[in-house]
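# Descriptive analysis of the structure
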Amino acid sequence: GSERLGPRREGSERSMAHVQAQPRKTYAAASSLEVFHTGGPVRLSPDGTLVATACVEAVNIVEVATGKVVHALEGDTEPITALAWSRDGSLVFSASRSMRCTVWDARTGRSVRTFKAHATPVLFMGVDPTGTLLVTTSADRTARVWDVAKGFCTHVFRGHAAMVTVAAFHPDPRRLELYTGAHDGEIRVWSLRDRACVGSMKAHTSSVTALAVPMAAAGGKDVLLSSARDRVVHQWDLKTHKRTATVPTHEACEGMTPLDPATASRVIGAEEAESKPDAVYFATAGDKGVVRVWRVGSGKPITESVSLRHGTSGGGAHAGQVQDEAADDAAAAVAALDGTEILGIEFRVAVTPPEGAERPEGDASEVSERRGEEDAETSALETRAGAQEGAAAKKRARIAASAGS
């Protein structure tokens, strides 16, 4: 029996030796996806190939196609609060909580210039259609316009009663107008030629998050779209500064952009776009993690993306959407009547959800917590701005007293 097992054992040993003799394989990483965004502002380059993102106190320039970090722009230990690209994509503008603004060369990643724009943190930055002017808005309730090439301030606009959260130049360079939105919902129209406020539009009841002129739409050059966290988008007539339409979005809007007819046709279909050739289309992104496309005059989204919130990959109606939409439709209908914005808010709160509809647990607490955090941050920034203004006033008084003596 042992003789019969001998050949098998020898064959097994030779087989094991053959396996062990095989060289080990090693692999070299061809590419890796590193963390390039930790929250805060994100801005896409004009040609759509690069994106500037806030990564704690630094700014990363990332290739959209590959996710590769092209440049890591060093910060000043304070979080980034605002970003913008120049019109030709050669420059990146950044602002941090330290109040320092920096102009970066997007090709080399080097700093071109630094300056202090405001006495409190900058909340928004944007460039005019000619690429020669930069606007900054701040918690100090002002908006300032800067010469991009030489770095000096050309305009200072004061008059808002709250933090100025967003701004937009008119896309027509011959129409020298700037639009600003504030934390209290007010929108102001400023003339760059006259250096004065030429209009005020009040309908939003919370912080304005986006302003845009839908130039590609028929008659769009005389229209302004505004979004806010009060769950509606308003359309304004820029000649009369009156509201002409309200679209309930059923969520707090964090971003909004108009769509030109060609883009709208690709997104919603040529047949739908051609059926209403004079319509104004826009897209919104909000706290539910869904991008939706709307048409002014319609109370429902034309199309929407899947939800990106908390890793959710499914689209369709979210929990509680039925009663949310019912409440928002009612609020928008009442708010569309002149002088009844307050009534609209009360009516929206008082609407009874449809029978059988369930409110998702945690939604109310999440909204309340988020609004509480926003209000706390707003209060802190405004307190800081007030203290700095008070110190400046005392300094001016001391200088005036010493000059008089």
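### Section: the overall build of the protein chain
Each helix and strand in the protein chain was counted, giving six helices and 24 strands. In the protein chain, buried positions account for 44% of the 405 residues. A total of about 21,700 Å² of accessible surface is found on the protein chain, and carbon and sulfur atoms cover 53% of it.

### Focus: helix 2 (residues 261-268)
Along an α-helix, a turn takes 3.6 residues, which lines up residues three or four apart on a common side. Of the residues making up helix 2, those classed as buried are T263, A264 and I268. Viewed along the axis of helix 2, the buried residues span an arc of 110°, placing them on a single side of the element. Residues of helix 2 that are buried make contact with strand 21 (253-259), helix 3 (270-275), strand 22 (281-286), strand 23 (291-295) and strand 24 (303-304). A side-chain oxygen of the first residue of helix 2 lies 3.0 Å from the backbone nitrogen of A262; this N-cap is D260. Once helix 2 finishes, G269 follows within two positions and takes phi at roughly 105°, a positive value.

### What to know about the side chain of H118
Along the chain, H118 falls in the loop between strand 8 (111-116) and strand 9 (122-127). The exposure class of H118 is buried, given its relative accessible area of 3%. Among the polar contacts listed, one links the side chain of H118 to the side chain of T142, at a separation of 3.2 Å. Reaching out from H118, the side chain makes a polar contact with the side chain of R144 at a distance of 3.5 Å. Excluding residues within four positions of it along the chain, H118 makes contact with M99, T136, T137, S138, D140, T142, A143 and R144.

### Some thoughts on the pattern of salt bridges
Taken as a whole, this structure holds nine salt bridges when the rule is applied. A salt bridge links R100 to D76; the nearest nitrogen and oxygen atoms lie 3.7 Å apart. Highlighted residues: R100 in strand 7 (residues 100-105) and D76 in the loop between strand 4 (69-73) and strand 5 (80-85), separated in sequence by 24 residues. Classification of R100 by relative accessible area gives partly exposed; the value is 33%. With a shortest N-O distance of 3.5 Å, R175 and E177 are connected by a salt bridge. E177 gets classed as buried once you look at its relative accessible area, which sits at 16%. Several salt bridges converge on common partners, so that one network encompasses R175, E177, D222 and K239.

### Observations regarding the pairing of strand 14 (residues 177-182)
Extensive coverage of strand 14 is indicated by the burial of six of its six residues. Summarising the sheet, strand 13 (residues 164-169) and strand 14 pair through five bridges and their orientation is antiparallel. Directly across from A168, in strand 14, lies its bridge partner Y179. With five bridges connecting them, strand 14 and strand 15 (residues 186-191) associate as antiparallel partners. From the neighbouring strand, L178 faces strand 15, where its bridge partner is W190. Two successive antiparallel strands, strand 14 and strand 15, enclose a turn made up of three residues, where G185 displays a positive phi of approximately 95°.

### A short note on unusual backbone geometry
Generally, phi is negative for residues other than glycine and the peptide bonds are trans, each holding for most cases. Even without being a glycine, R141 presents a positive backbone phi close to 70°. Of note, R141 is situated in the loop between strand 10 (133-138) and strand 11 (142-147).

### Quick look at the sheet that holds strand 5
Strands sit in the order 5-6-7-8 across an open sheet of four strands; the sheet is antiparallel. The open sheet is flanked by strand 5 and strand 8, the only strands paired with a single partner. Recorded for the sheet is a direction-independent mean angle of 15° between the axes of neighbouring strands. In this structure, strand 5 lies alongside strand 6 (residues 91-96), joined through five bridges in antiparallel fashion. Pairing of W85 across the sheet is with V92, part of strand 6.

### Some remarks on the sheet that holds strand 17 (residues 208-212)
Reading across the sheet, the four strands line up as 17-18-19-20 and stay open at both edges, with antiparallel pairing between neighbours. Two strands close off the open sheet at either side, each with one partner strand: strand 17 and strand 20 (242-248). Going across the sheet, the axis of each strand differs from the next one's by a mean of 20°, ignoring polarity. Here strand 18 (residues 223-228) runs beside strand 19 (residues 232-237); their pairing, made up of five bridges, is antiparallel. Within strand 19, the residue paired with V223 across the bridge is D237.

### Overview of the nonpolar core
Counting residues in hydrophobic clusters, the biggest one holds 24 residues, and the most contacted among them are V145, L178, L211 and L224. Contributions of two or more residues to this core are made by strand 10, strand 11, strand 13, strand 14, strand 15 and strand 17. Among the elements that make up this core, the one with the highest residue count is strand 13 (four residues). Here L211 is in contact with V166, A167, A168, Y179, T180, G181, I187, L224, L225, S226 and M256, once residues within four sequence places are set aside. Counting residues in each nonpolar core, the second largest holds 15 residues, with L91, C101, M125 and W146 among its members.

Calculation notes
- Residues numbered from 1 in each chain as written.
- Predicted model: local features only at pLDDT ≥ 70, side-chain atom pairs only at ≥ 80, totals over all residues.
- Heavy atoms only, no water.
- Helix = DSSP H or I, 4+ residues; strand = E, 2+ residues; numbered from the N terminus.
- Buried < 20%, exposed > 50% of the residue type's maximum accessible area, 1.4 Å probe, protein only.
- Areas by Shrake-Rupley, 256 points an atom, 1.4 Å probe, with all protein chains shown as cover.
- Arc of directions from axis to C-beta.
- Contact = heavy atoms within 4.5 Å.
- Polar contact = N/O pair within 3.5 Å; in protein donor to acceptor, adjacent residues only side chain to side chain.
- Salt bridge = Lys/Arg side-chain N within 4 Å of Asp/Glu carboxyl O.
- Pairing = 2+ DSSP bridges.
- Axes fitted to C-alpha atoms, helices over the stretch in contact; angles between N-to-C directions.
- Core = buried A, V, L, I, M, F, W, Y, C linked by side-chain atoms within 4.5 Å.

Don't take any of this as a statement about function, it's just geometry.
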